[in-house]
Amino acid sequence: MANNTRFLLGENDIPKFWYNINADNPVAPDPVFNPVSKEPVTPDFLNVLFPMDLIMQEISTERYIPIPDEVRDIYKLWRPTPLLRAARLEKALGTPAHIYYKYEGVSPSGSHKSNTAIPQAFYNKISGTKAMTTETGAGQWGSALSMACKFYDLPLEVYIVKVSYDQKPYRRFLMETYGAQVFASPTHFTHAGKSILEKDPNSPGSLGIAISEAVEVAATSNGAKKYGLGSVLNHVLLHQTVIGQESIKQMEMADEYPDVVIGCVGGGSNFAGIAFPFLYKNLKEGQRTRLLAVEPKAAPSLTKGIFAFDYGDTAQMAPIVKMYTLGHDFIPPEIHAGGLRYHGMAPTLSSLFDQGLVEAVSVYQKPVFEAALLFTNTEGILPAPESSHAIRVAIDEALKAKETGEKKVILFNLSGHGNFDLSAYHAFQSGSLEDYDYPEEEISKIKSRLPEINLA
Ligand SMILES: Cc1ncc(COP(=O)(O)O)c(C=O)c1O
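One numbering rule holds for all chains: residues counted from 1, following each sequence as written. pLDDT decides what is reported in this predicted model: residues at 70 or higher carry local features, side-chain atom pairs at 80 or more are listed and counted, and totals for whole chains, interfaces and linings draw on all residues regardless. Values reported for side chains reflect all heavy atoms of the structure, with hydrogen atoms and water molecules removed beforehand.

Remarks on the overall build of the chain
Move 1: Counting from the N terminus, the helices are DSSP H or I runs at least four residues long and the strands are E runs at least two residues long. If you tally the helices and strands in the chain, you get 19 helices and 15 strands.
Move 2: As defined in this context, the radius of gyration uses C-alpha atoms, and a globule is described by 2.2 Å times the residue total to the power 0.38. Its C-alpha radius of gyration of 20 Å places the chain within 12% of the 23 Å reference for a compact globule of 456 residues.
Move 3: The principal-axis extent of the C-alpha atoms belonging to the chain is close to 60 × 50 × 50 Å.
Move 4: For the chain, the proportion of its 456 residues judged to be buried stands at 63%. Relative accessible area decides the class of each residue, using a 1.4 Å probe on protein chains only: under 20% of the type maximum gives buried, over 50% gives exposed, and in between gives partly exposed.

Looking at the sheet that holds strand E10 (residues 260–264)
Move 1: The mixed open sheet is built from 7 strands, whose spatial order is E1-E4-E5-E15-E10-E11-E14. Of all the strands in the sheet, the pair left with one neighbour each is strand E1 (6–7) and strand E14 (359–363).
Move 2: A pair of strands is labelled paired if DSSP reports no fewer than 2 bridges between them. In this sheet, strand E4 (residues 83–85) lies alongside E1 in antiparallel orientation, the contact comprising 2 bridges. Bridged to Phe7 within E4 is Leu83.
Move 3: Two residues qualify as a contact provided that any one of their heavy atoms is within 4.5 Å of a heavy atom in the partner residue. To get an axis, fit a line to the C-alpha atoms, keeping to the stretch in contact for a helix; angles then go from 0 to 180 degrees between the N-to-C directions. This element, helix H17 (residues 385–404), spans strand E5 (98–103), E10, strand E11 (290–296), E14 and strand E15 (409–414) of the sheet and lies at about 150° to E10.

Points about the packing of helix H6 (residues 140–151) against helix H8 (residues 169–177)
Move 1: It is the contact of H6 with H8, at a shortest axis distance of 8 Å, that shows an interaxial angle of 15°. Looking at the two axes, H6 sits roughly parallel to H8. Both H6 and H8 take part in a crossing whose hand is left-handed. Two secondary-structure elements touch here, H6 through Gln140, Gly142, Ser143 and Ser146 and H8 through Arg171, Leu174 and Met175. Orientation is classified from the angle alone, with under 35 degrees giving roughly parallel, over 145 giving roughly antiparallel, 65 to 115 giving roughly perpendicular, and any other angle giving oblique. Two helices cross in a left-handed way if the nearer one is turned anticlockwise from the farther one by less than a right angle. They cross in a right-handed way if the turn is clockwise.

Observations concerning the nonpolar core
Move 1: Among buried residues, those of type Ala, Val, Leu, Ile, Met, Phe, Trp, Tyr and Cys that are joined through side-chain atoms within 4.5 Å constitute a nonpolar core. With 65 residues, the main nonpolar core has Trp18 and Phe276 as its most contacted residues.
Move 2: With 27 residues, the next largest nonpolar core counts Tyr103, Phe375, Val393 and Ala401 among its residues.

Section: the site of the ligand
Move 1: It suffices for a single heavy atom of a residue to lie within 4 Å of a molecule or strand for the residue to be listed as near it. Around the ligand sit 18 residues in total, of which Ser231, Gly266, Ser269, Asn270 and Ser415 are the nearest.
Move 2: Pairing of N or O atoms within 3.5 Å defines a polar contact, subject to two protein rules: one partner must be a possible hydrogen donor and the other a possible acceptor, and residues neighboring in sequence count only if both atoms are side-chain atoms. A distance of 3.2 Å separates an oxygen atom of the ligand from a polar side-chain atom of Lys113.
Move 3: For the ligand, a nitrogen atom lies 2.7 Å from a polar atom in the side chain of Ser415.
Move 4: Protein coverage of the free-state accessible area of the ligand, which is 390 Å², stands at 98%.
Move 5: When contributions to the shell around the ligand are tallied by element, the ones reaching two or more residues are helix H13 (269–285) and H17.
Move 6: When its residues are assigned to classes, the shell around the ligand shows 4 nonpolar, 12 polar and 2 charged. Only the protein chains shown count as cover for residues, with accessible areas throughout obtained via the Shrake-Rupley method and a probe of 1.4 Å. When residue character is reported, Ala, Val, Leu, Ile, Met, Phe, Trp, Tyr, Cys and Pro are called nonpolar, Asp, Glu, Lys and Arg charged, and the others, Gly included, polar.

Some words on the confidence of the model for the chain
Fine structural detail should not be taken from predicted coordinates in areas where pLDDT scores are low.
Move 1: Scored from 0 to 100, pLDDT records how confident the predictor is in each individual residue. Chain-level pLDDT for the chain is 96 on average; 100% of the residues reach the 70-or-more range.
Move 2: Mean pLDDT per element in the chain: helix H19 (residues 440–445) is the minimum at 86, and E10 is the maximum at 99.

Regarding the packing of aromatic side chains
Move 1: When the centres of two rings from Phe, Tyr and Trp lie within 6.5 Å, Trp using its six-membered ring, the rings pair. Their planes under 30 degrees apart give stacked, over 60 give edge-to-face, and anything left gives tilted. Across all of its chains, the model carries 22 aromatic pairs by this definition.
Move 2: With a centroid separation of 5.2 Å and 75° between ring planes, the pair formed by Tyr324 and Phe353 is classed as edge-to-face. Here Phe353 lies in helix H15 (residues 347–354) and Tyr324 lies in strand E13 (residues 320–325), a separation of 29 residues in the sequence.
Move 3: For Tyr324, a relative accessible area of 9% translates into the label buried.
Move 4: One aromatic cluster in this structure is built from Phe17, Tyr19, Tyr64 and Tyr280.
Move 5: For a lysine, the NZ atom is tested; for an arginine, the CZ atom; a charge sits over a ring if that atom is within 6 Å of the ring centre and within 35 degrees of the ring normal. The ring of Tyr364 carries the charged tip of Lys297 above its face, separated from the ring centre by 5.3 Å.

A short note on unusual backbone geometry
Move 1: The step from Arg79 to Pro80 runs through a cis peptide bond, and the omega angle for that step is -10°.
Move 2: Not every positive phi belongs to a glycine, and Asp153 is a case in point at roughly 60°.
Move 3: For Asp153, the location among the structural elements is in the loop between H6 and strand E7 (156–161).
Move 4: Assessed through its relative accessible area of 61%, Asp153 is described here as exposed.
Move 5: Its identity as a non-glycine residue notwithstanding, Asp255 has a phi of 60°, on the positive side.
Move 6: Under the relative-accessibility criterion, Asp255 is labelled exposed at 64%.

Details of the sheet that holds E7
Move 1: Spatial ordering of the open sheet is given by E8-E7-E6-E9, a layout of 4 strands whose pairing is parallel. The two strands at the open ends of the sheet, each matched to only one other strand, are strand E8 (181–185) and strand E9 (225–227). The mean inter-strand angle of the sheet, taken between neighbouring strand axes irrespective of direction, is 25°.
Move 2: Pairing analysis gives 5 bridges linking E7 to E8, with the strands arranged parallel. Across the sheet, Val161 pairs through a bridge with Ser185, a residue of E8.
Move 3: Contacting strand E6 (131–136) and E7, H6 crosses the sheet at an angle of about 165° to E6.
Move 4: This element, H8, spans E6, E7 and E8 of the sheet and lies at about 150° to E8.

See the structure below:
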């Protein structure tokens, strides 16, 4: 089996547990604060936004959390996902490295986001939630939750960042086809949206603003509506660990073990999903796999941000967490990887990066699209612009191996397909894409814009 191209598991191999890194992180999680009182949050406060089962997962330090049978049954629609050897890409690069990728784009909505959308809708349904709200950057998370809410008969409102609403009309049509209501954020009908539009009527929006709108609608619904987040939070990262658990089995089938595991990072969930089960092996079984997170130079929270307490959203309504952040009012440049434009990074991933257990690198969007095209033209799949950040760095690692002659084993997460991102590919091929750096003068201002938290 070692020389196969595809490494496939059966339905019985769908993991029965999610792996919780908070059982093994050498540093205890930091407290989370109420954005108004600045006091530590209680489960009751969080219950305004989330059902209790998800809050319990959020704060759990149990290593393994059982996946309900009802969720595993729906996972069967696309899980286990395939792991492939990118032999044609290796050949095109002339590298001695072996490149493998875990393909999450086979999920019905097109990305890894369905792995958490299903359990989030499930726990909301069984706790009596009547409807859900959410934000979406690129539309992948919104599509996944729209599908999940349809399966559980829950109405859903999606606040999509305006620039993506304009760039990707077909994502909106997909969400509407699953029955969701979709609004371009900022809107005129939330306080958060109105106050942004008063300052800038042409605001392109940001994930931070869209989160504020979705949180406001849920928080003012007298308990009828709850909010779902597609990344950043512990329970979201937890749900994604099915990716890494399956990958470990599939790498065994290939008779190899990765020297480096690579994933793109927006809020950190697909990277955590593939990397945390391998991190467990580093921490507990003496493995030494490098875990490499890739972010855009236009929104470089890990590589240029600061590790501090900050609001999860722009209007300062979401809880304050300790994370690598560019500041909650950060409005990112209009790059095409809409899902990588968040101002912060998951607190757990931030903590692991701070301890040096995870590495990070940032890349420009044009070399990312070059890598995506090479991948499409060798492996056939059109990758999402977000996932293509991981492809860029996988190729860079393979080219380094070519220079040194090392037979390195590289595994990356192909978090989604790019079939709705063709306008971005067209922009790249017609030469109209630009590279952006996050301006240095903005970095020096981050500290002055953060909330003051008293840890005593
Ligand atoms: C295909 C894809 N990959 C990655 C991401 C980034 O999110 P995360 O860091 O939570 O995986 C997104 C976000 O929208 C996405 O759509």
